[in-house]
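Descriptive analysis of the structure
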Amino acid sequence: MKMLVAYFSNTGNTEKLAEAIHEELVRRGHAVEVEKIRPAIAYSWLREVARDFPRYPSITLSLFSNAWKRHHVRTYNQVEEDIQALKYPDISEFDRICVGGPKWAQMSYPVARYLQTIRGIRGKKIGAFCTFGGPPLAVFEIELIFEPMRTLIERMGAQMVAQVCVSSAYHAAGLMPLFRMASRMRFKRPVTDFMLASEYGKNGVLNFCDEIEK
Amino acid sequence: MARKYSDTVLFRGNRFSDTTKQIKRFIYESVLATGYAPKVKEIVDAFNLSEQQVRESLHDLEGGIIVALQNEQHAHIEEFMGQKLPDDAVLPEVGEIYYARPFANFKNHHRVFVDGEQKWYGECPVECTTISYFFPGKEVIVRSIAHDTGEAIEIIGKDGELLDYTPRSLRIYWGRPFGTWLSTKGHEGDFIFPCDKNYFFSSEDGYKEWRSGRSDEKGQIFTPVMINHLLRMYNYGHERFDYQYHFPLLKVMLAAFTVGIIRIKMFLPIPNPFFLSMAKFFRDLRKYGYKLFLDVKLW
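Residues numbered from 1 in each chain as written. Chains lettered and ligands numbered in written order. Predicted model: local features only at pLDDT ≥ 70, side-chain atom pairs only at ≥ 80, totals over all residues. Heavy atoms only, no water.

Remarks on the overall build of chain A
Helix and strand counts for chain A stand at eight helices and six strands. The N-to-C order of helical and strand elements in chain A reads β-α-β-α-α-α-β-β-α-β-α-β-α-α. For 214 residues, the compact-globule estimate of 2.2 N^0.38 gives 17 Å, and the C-alpha radius of gyration of chain A, at 16 Å, lies within 12% of that figure. Looking at chain A as a whole, 52% of its 214 residues are labelled buried. A separation threshold of at least 6 residues defines the contact pool for chain A, and within that pool the share at least 24 residues apart is 80%. Carbon and sulfur atoms make up 55% of the accessible area of chain A, which amounts to about 9400 Å² in all. Averaging the coordinates of the 29 positive side-chain charges in chain A and doing the same for the 23 negative ones gives two points 5 Å apart. (Helix = DSSP H or I, 4+ residues; strand = E, 2+ residues; numbered from the N terminus. Rg over C-alpha atoms; globule rule 2.2 N^0.38 Å. Buried < 20%, exposed > 50% of the residue type's maximum accessible area, 1.4 Å probe, protein only. Contact = heavy atoms within 4.5 Å. Areas by Shrake-Rupley, 256 points an atom, 1.4 Å probe, with all protein chains shown as cover. Lys, Arg positive; Asp, Glu negative; His and termini not counted. Charge placed at Lys NZ, Arg CZ, Asp CG, Glu CD.)

Laid out in structure tokens, this is it:
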């Protein structure tokens, strides 16, 4: 099959995940092209981090209330930012598309814009991948990124058929001590057990490739 | 400068349905790939919907100033915005897409070049200033003809921003105030009519000469920079799936003087009636059975 792996990476962690997916798909005999999503402007660390702050109270409430989580996912405004010209602005020639980026409280802004602007997405099967700072917490990390992504992809007439997420053990706002504690409390394991190089990460990539090539 | 989008929405008017957005995307994908919008029958087939459902979506897109459908008044025109149509121009049939703004669905004198390739046609001088939004990262050249002298004019843009234009004295005439768009006798509910009298002028002097003795003309003249600045506020993100027109409150207030929304007369700031009449346009939308598709944003 002809596939496209499109990703945005800020610190290189998502790039490693994209490379792992790319290598695995090529190993399975698929023709895979790569699209690196690049923001039009590189913002300062402070500005990048500060743009997420208004969402933190709502995200925190989502951890304690399912009703609020549903409300949050349904009503929050996804921030986007301009991206540079794409190598493949029209993806209609590809059979499968893998799209990924880091989780920035929600979808990372360049990925959100990419999904909004690519042409030929209707009827496609999409796989989503992402990296985040903490362990794979069901709501805080996984649902809060994949649910909005799935909703947007389905609204555009495509189908999300696979997902994989790994920890990058990095948080731009310096919240890693909290995530390490959460990992110990929730999973009784360190965050590093959920990174790409771990068993969790490797199996995640294999399962993702199994799902996407179905 | 890179901008973020949609996180400061204060008020949401109606939203296009997802089907309507998918149809809109389908139309623009066709325009960008071939230069022309699909026929209604092609949309019906592609989406497996009834013609009635597709027509409802097109009606909403028309009300949202995204497309305009061909009507009897424009079915047999020989001139388009003051210039004779090319001999091989084929006008859309009644009920088909006439404009997929900022593109026209037929050959005309507003030719759009991207990477030396020309298969697109602009819809009007006003919209031509931000047509480059549809070709991200690429330099887009619009070549057209001045209404007063017939000389060639050129507008160069990238990512919605105006890079250059010739001649330097170029002016854009916006022919019809918002208040006249839908309610002019004989053109009630006609979404093609608003752009019919938008022209390029080679200079302000040429415009003045043309305007003298035409007391019935209600339009106003702007520089390409003013129009580009104004439209970038409303058109930003036009190529996005979720796009609908938005009104960025603070940006409009800050730019009010530079784009001519407020003009200084006798040392006093006077709101420009050309733009004030937008309120009447909103009222007319409802009157003619259209919904208001507009987001009001903080900036």
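Focus: the interface of chain B and chain A
Contacts between chain B and chain A engage 24 residues on the former and 26 residues on the latter. Note on chain B versus chain A: buried area summed over both sides is about 2100 Å², and carbon and sulfur give 43% of it. Put simply, chain B and chain A have three salt bridges between them. Taking the shortest distance from any N to any O, the salt bridge between arginine 155 of chain A and aspartate 18 of chain B comes out at 3.1 Å. Put simply, chain B and chain A have twelve residue pairs in polar contact (both at pLDDT 80 or more) between them. Only α1 (18-34) and α2 (40-47) of chain B provide two or more residues apiece to the side of chain B that touches chain A. The element contributing the most residues to the side of chain B that touches chain A is α1 of chain B, with seven residues. For the side of chain B that touches chain A, the class distribution of residues is ten nonpolar, three polar and eleven charged. (Buried area = accessible area lost by both parts, 1.4 Å probe. Salt bridge = Lys/Arg side-chain N within 4 Å of Asp/Glu carboxyl O. Polar contact = N/O pair within 3.5 Å; in protein donor to acceptor, adjacent residues only side chain to side chain. Nonpolar A, V, L, I, M, F, W, Y, C, P; charged D, E, K, R; others polar.)

Comments concerning the sheet that holds strand β1 (residues 9-12) of chain B
Residues and elements named next belong to chain B. Pairing within the open sheet is mixed, and its three strands lie in the order β1-β18-β15. If you trace the sheet from one side to the other, it starts and ends with β1 and β15 (246-248), each paired once. Direction aside, the axes of adjacent strands within the sheet are offset by 20 degrees on average. Where β1 and strand β18 (residues 295-297) come together, three bridges link them in antiparallel fashion. Residue pairing in the sheet places valine 9 in a bridge with lysine 297 of β18. (Pairing = 2+ DSSP bridges. Axes fitted to C-alpha atoms, helices over the stretch in contact; angles between N-to-C directions.)

With respect to the packing of aromatic side chains
All names here are of chain A. According to the stated counting rule, one finds 42 aromatic pairs over all chains in the structure shown. Here the aromatic rings of phenylalanine 129 and phenylalanine 208 are separated by 6.3 Å at their centres, their planes lie at 85 degrees, and the arrangement is edge-to-face. In this pair, phenylalanine 129 sits in strand β5 (residues 125-132) while phenylalanine 208 sits in helix α8 (residues 199-212), placing the two residues 79 residues apart along the sequence. Across the pair, exposure class does not vary: phenylalanine 129 and phenylalanine 208 are buried alike. (Phe/Tyr/Trp six-rings, centres within 6.5 Å; stacked < 30°, edge-to-face > 60°.)

What about the pairing of strand β6 (residues 159-167) of chain A?
Residues and elements named next belong to chain A. With eight bridges connecting them, β5 and β6 associate as parallel partners. By the bridge assignment, alanine 128 is partnered in β6 with glutamine 163. Handedness of the β-α-β unit built from β5, helix α6 (residues 138-155) and β6 comes out right-handed. (Right-handed = clockwise from strand over helix to strand, strands pointing away.)

A word on the sheet that holds strand β5 (residues 97-100) of chain B
All names here are of chain B. Overall, antiparallel pairing links the three strands, which are arranged β2-β5-β6 in an open sheet. Two strands close off the open sheet at either side, each with one partner strand: β2 (67-69) and β6 (103-104). Bridge count for β5 against β6 is two bridges, and the pairing is antiparallel. Looking at β6, one finds that alanine 100 is bridged to phenylalanine 103. The strands touched by helix α3 (residues 51-63) are β2 and β5; relative to β2, the strand with the most contacts, the crossing angle is about 120 degrees.

Examining the nonpolar core
Judged by nonpolar contacts, the single largest core of 89 residues is most densely connected at Ile27, Leu58, Tyr99, Phe103, Phe135, Trp174 and Leu230 of chain B. When residues of this core are assigned to their parent elements, the largest contribution, six residues, is made by helix α6 (residues 224-235) of chain B. Grouped together as the second largest cluster of nonpolar side chains are 36 residues, Leu4, Ile83, Ile91 and Trp104 of chain A included. (Core = buried A, V, L, I, M, F, W, Y, C linked by side-chain atoms within 4.5 Å.)

A short note on a nonpolar patch on the surface
Residue and element names in this part refer to chain B. A grouping of Leu10, Phe11, Leu249, Leu250, Met253, Leu298 and Trp299 is seen on the molecular surface, where their side chains present a nonpolar patch of about 650 Å² in accessible area. When contributions to the nonpolar patch are tallied by element, the ones reaching two or more residues are β1 and α7 (249-255). Top contributing element to the nonpolar patch by residue count: α7, with three residues. Judged by its relative accessible area of 40%, tryptophan 299 is partly exposed. (Patch = residues over 30% accessible without salt bridge, like charges linked within 9 Å, V, L, I, M, F, W, Y side chains within 5 Å.)

Topic: the pattern of salt bridges
Tallied over the full model, the rule gives 30 salt bridges over all chains. Two residues, arginine 28 of chain A and aspartate 210 of chain A, come together in a salt bridge whose shortest N-O distance is 2.7 Å. Note that arginine 28 of chain A is positioned in the loop between α1 (13-27) and β2 (31-36) and aspartate 210 of chain A in helix α8, a separation of 182 residues in sequence. Of the residues examined, arginine 28 of chain A reaches a relative accessible area of 24% and is grouped as partly exposed. One salt bridge connects lysine 197 of chain B with glutamate 217 of chain B, and the closest N-O pair in it is separated by 2.8 Å. Of the two residues, lysine 197 of chain B is situated in the loop between β12 (171-174) and β13 (199-201) and glutamate 217 of chain B in the loop between α5 (204-211) and β14 (220-222); the sequence distance between them amounts to 20 residues.

Here we look at the confidence of the model for chain B
Residue and element names in this part refer to chain B. Per-residue confidence for chain B gives a mean pLDDT of 92, with 97% of residues at or over 70. The least confident element of chain B is β1, whose mean pLDDT is 78; the most confident is β6, at 97. Reported confidence for the predicted complex is 0.87 by ipTM and 0.91 by pTM. (pLDDT = per-residue confidence, 0-100.)

With respect to the packing of helix α3 (residues 56-64) of chain A against helix α4 (residues 66-75) of chain A
Residues and elements named next belong to chain A. Between α3 and α4, whose axes approach to 6 Å, the crossing angle comes to 140 degrees. On the basis of the axis angle, α3 is oblique to α4. In terms of crossing hand, the pair formed by α3 and α4 is left-handed. Mapping the contact onto sequence places Ser58, Ile59, Leu61, Ser62 and Phe64 in α3 and Asn66, Trp68, Lys69 and His72 in α4. Among the residues forming the contact of α3 with α4, the class breakdown is four nonpolar, four polar and one charged. (Parallel < 35°, antiparallel > 145°, perpendicular 65-115°, else oblique. Left-handed = near helix turned anticlockwise from the far one by under 90°.)

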